[in-house]
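Residue strings, one per chain:
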Amino acid sequence: MAQLVRWVADQYDEVLAKRVDPRSQDWLLARSILVPLTIIALYLLTVTRWGPRFMRDREPLKIRHLIVAYNISNIAACCYVVYHGCAQWHKMKYSFLCQPVDMRDTEDNRRNNSLVFFLDGGFILLGIINCFVHIVMYSYYLYTVLFPRQRPGLGVKKSLTLLQLIQFAILLVHTILPCVQRSCEVQNFLSFVLSVQYTFMIVMFSDFYMKTYSSSQKSK
């Protein structure tokens, strides 16, 4: 296993590290592929081994207040990103059709860096739209925790799934458009990866939507 991780790390340093923007070299998650791999490994160990082993002979923990605080903090953080992201988008006159990444180390670019984990350019739209959707989602989660006896009906859940599908459709179009324009210089590798991810998410959410809500309507 250690040799496999080392091989992956070597491939990362050889192929991808050369593409890393120098402005992101001090970012914790961008310093080395070992950082995200370690986080993933710890997460998997926690949910598959350590967590179940710890809770084996214990009653479920009462963490309602923690969940409330978690949802509120996420709503606040997402509101911050949406507000300042939209302000930056308007200030820098970004284009939905083609917005290459600006490699210059300017004050506006550094501000963009603090908003999303993408440096700037058209990728900032991912942070804006995704955080907006999460504002709606975490507000729904917060409501269900605060008012467990007054949970919204099936229509609300259906609307949330549709909102997520719309999100991925917009981002997919936004990511593909620059790649089909010869005059638009974008990061094709990252655009390709994101396009695959958005397509995968659309397929998964569409499948969930059809199986969940179509069956619910039939049962009614």
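No experiment lies behind these values; they were computed from the predicted model shown.

S.K.: Which residues make up the UniProt feature "transmembrane region" (unreviewed entry) in the protein, and what are the values?
M.R.: Sites flagged by UniProt as "transmembrane region" (unreviewed entry) map to residues 28-45, 66-83, 123-147, 159-177 and 189-210. Helix makes up 100% of residues 159-177 and strand 0%, with an end-to-end C-alpha separation of 27 Å.

S.K.: Which residues make up the packing of helix α5 (residues 124-146) against helix α6 (residues 154-179), and what values go with them?
M.R.: In contact at an axis separation of 10 Å, α5 and α6 are set at 175° when each is read in the N-to-C sense. The angle between α5 and α6 falls in the class roughly antiparallel. Counting all contacts with α5, which are made through Leu125, Leu126, Ile129, Asn130, Val133, Val136, Met137 and Tyr140, the residues of α6 involved are Val156, Lys157, Leu160, Leu163, Gln164, Gln167, Ile170, Leu171 and His174. Grouping the amino acids of the contact of α5 with α6 by side-chain chemistry returns 12 nonpolar, four polar and one charged.

S.K.: Please set out helix α3 (residues 64-91) residue by residue, giving values where relevant.
M.R.: Between its first and last C-alpha, α3 extends 41 Å over 28 residues, near the 40 Å set by a 1.5 Å rise per residue. Remark: lysine 93 follows α3 within two positions and exhibits a positive phi of approximately 55°.

S.K.: Give a description of the packing of aromatic side chains that names residues and reports values.
M.R.: Inspection of the entire model under this criterion finds eight aromatic pairs. Seen from their ring centres, tryptophan 89 and tyrosine 94 are 5.4 Å apart, and the 85° between their planes marks the pair as edge-to-face. Grouping residues by exposure puts tryptophan 89 and tyrosine 94 together as buried. When the ring of phenylalanine 168 is compared with that of phenylalanine 205, the centres are 5.5 Å apart and the planes differ by 45°; the resulting orientation is tilted. Pair noted here: phenylalanine 168 is in helix α6 and phenylalanine 205 is in helix α7 (residues 188-219), with a separation of 37 residues, a long-range link.

S.K.: Report on the confidence of the model for the protein, specifying residues and quantitative values.
M.R.: Mean pLDDT over the protein: 83, with 84% of residues reaching 70 or higher. Element-level mean pLDDT values for the protein span from 66 in helix α1 (residues 2-16) up to 93 in helix α2 (residues 34-54).

S.K.: Before we move on, could you go through the side chain of serine 195 and cite the residues and values that matter?
M.R.: Structurally, serine 195 is set in helix α7. Take serine 195: its relative accessible area is 12%, and that puts it in the buried class. Residues in contact with serine 195, not counting those within four places in the same chain, are Leu172, Thr175 and Ile176.

The rules behind each value
Residues numbered from 1 in each chain as written. Predicted model: local features only at pLDDT ≥ 70, side-chain atom pairs only at ≥ 80, totals over all residues. Heavy atoms only, no water. UniProt positions renumbered as here; feature names shortened; annotations may be inferred. Helix = DSSP H or I, 4+ residues; strand = E, 2+ residues; numbered from the N terminus. Axes fitted to C-alpha atoms, helices over the stretch in contact; angles between N-to-C directions. Parallel < 35°, antiparallel > 145°, perpendicular 65-115°, else oblique. Contact = heavy atoms within 4.5 Å. Nonpolar A, V, L, I, M, F, W, Y, C, P; charged D, E, K, R; others polar. Expected span 1.5 Å × (residues − 1). Phe/Tyr/Trp six-rings, centres within 6.5 Å; stacked < 30°, edge-to-face > 60°. Buried < 20%, exposed > 50% of the residue type's maximum accessible area, 1.4 Å probe, protein only. pLDDT = per-residue confidence, 0-100.

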